[in-house]
Amino acid sequence: VAMDVKVGSWSDPKDTPGLAHYFEHLLFMGTAKYPEENDFRKYILTNGGKCNAFTSDTNTNYHFSVDANYLGGALD
């Protein structure tokens, strides 16, 4: 699964370089379903998958793979 957001480092405000990359990392800091830092990553890794993200000049991309039996939980 991948999600690509058309916002990258070229969208950073001049007074806040690195903002897009910072927001990339927020995904792994916790959510309502996965409240602790790296909970989502642990869910993916524990269930046969891997995940990562990157920020380019024009895009930010989040991607992961997981055993099909756990896809619903990962998409949540």
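Residues numbered from 1 in each chain as written. Predicted model: local features only at pLDDT ≥ 70, side-chain atom pairs only at ≥ 80, totals over all residues. Heavy atoms only, no water.

Glancing now at the nonpolar core. Ranked by size, the top nonpolar core spans 10 residues in total: Phe28, Tyr34, Phe40, Ile44, Cys51, Ala53, Tyr62, Phe64, Val66 and Ala74. Those elements that place two or more of their residues in this core are helix H2 (39-46), strand E2 (50-55) and strand E3 (60-65). Beyond its immediate chain neighbours, meaning those up to four positions away, Ile44 contacts Gly49, Lys50, Cys51, Phe64, Ser65, Val66 and Ala74. (Core = buried A, V, L, I, M, F, W, Y, C linked by side-chain atoms within 4.5 Å. Buried < 20%, exposed > 50% of the residue type's maximum accessible area, 1.4 Å probe, protein only. Helix = DSSP H or I, 4+ residues; strand = E, 2+ residues; numbered from the N terminus. Contact = heavy atoms within 4.5 Å.)

Below, the discussion takes up the side chain of Asn59. The residue Asn59 is located in the loop between E2 and E3 in this model. Sequence-distant contacts of Asn59, defined by excluding residues within four places in its chain, comprise Asp4, Val5, Lys6, Val7, Gly8 and Phe54.

So, on to the pairing of E3. In this sheet, E3 lies alongside strand E1 (residues 2-5) in antiparallel orientation, the contact comprising four bridges. Following the sheet pairing, Ala2 is matched in E3 by His63. Direction of pairing for E2 relative to E3: antiparallel, over a ladder of six bridges. From the neighbouring strand, Asn52 faces E3, where its bridge partner is His63. (Pairing = 2+ DSSP bridges.)

This part takes up a nonpolar patch on the surface. Judged by side-chain polarity, Tyr22, Phe23, Leu26 and Met29 come together as a nonpolar surface patch covering roughly 390 Å² of accessible area. When you line up the elements, Met29 lands in the loop between helix H1 (19-26) and H2. We classify Met29 as partly exposed; its relative accessible area is 42%. (Patch = residues over 30% accessible without salt bridge, like charges linked within 9 Å, V, L, I, M, F, W, Y side chains within 5 Å. Areas by Shrake-Rupley, 256 points an atom, 1.4 Å probe, with all protein chains shown as cover. Salt bridge = Lys/Arg side-chain N within 4 Å of Asp/Glu carboxyl O.)

Attention now goes to the layout of surface pockets. Looking at the largest pocket, its volume works out to about 260 Å³. Lining the largest pocket are 17 residues; nearest its centre among them are Leu27, Phe40, Tyr62, Phe64 and Ala74. Mapped onto the lining of the largest pocket, the elements with two or more residues apiece are E1, E2, E3 and helix H3 (71-75). When residues of the lining of the largest pocket are assigned to their parent elements, the largest contribution, three residues, is made by E3. Of the residues that constitute the lining of the largest pocket, the class distribution is 12 nonpolar, three polar and two charged. (1 Å grid on protein atoms, 1.4 Å probe; cavity = no way out; pocket = protein on both sides within 12 Å on 5 of 7 lines; lining within 4 Å. Points joined across faces, edges and corners; volume = space filled by probe spheres on them. Nonpolar A, V, L, I, M, F, W, Y, C, P; charged D, E, K, R; others polar.)

Coordinates in, geometry out; function isn't part of it.
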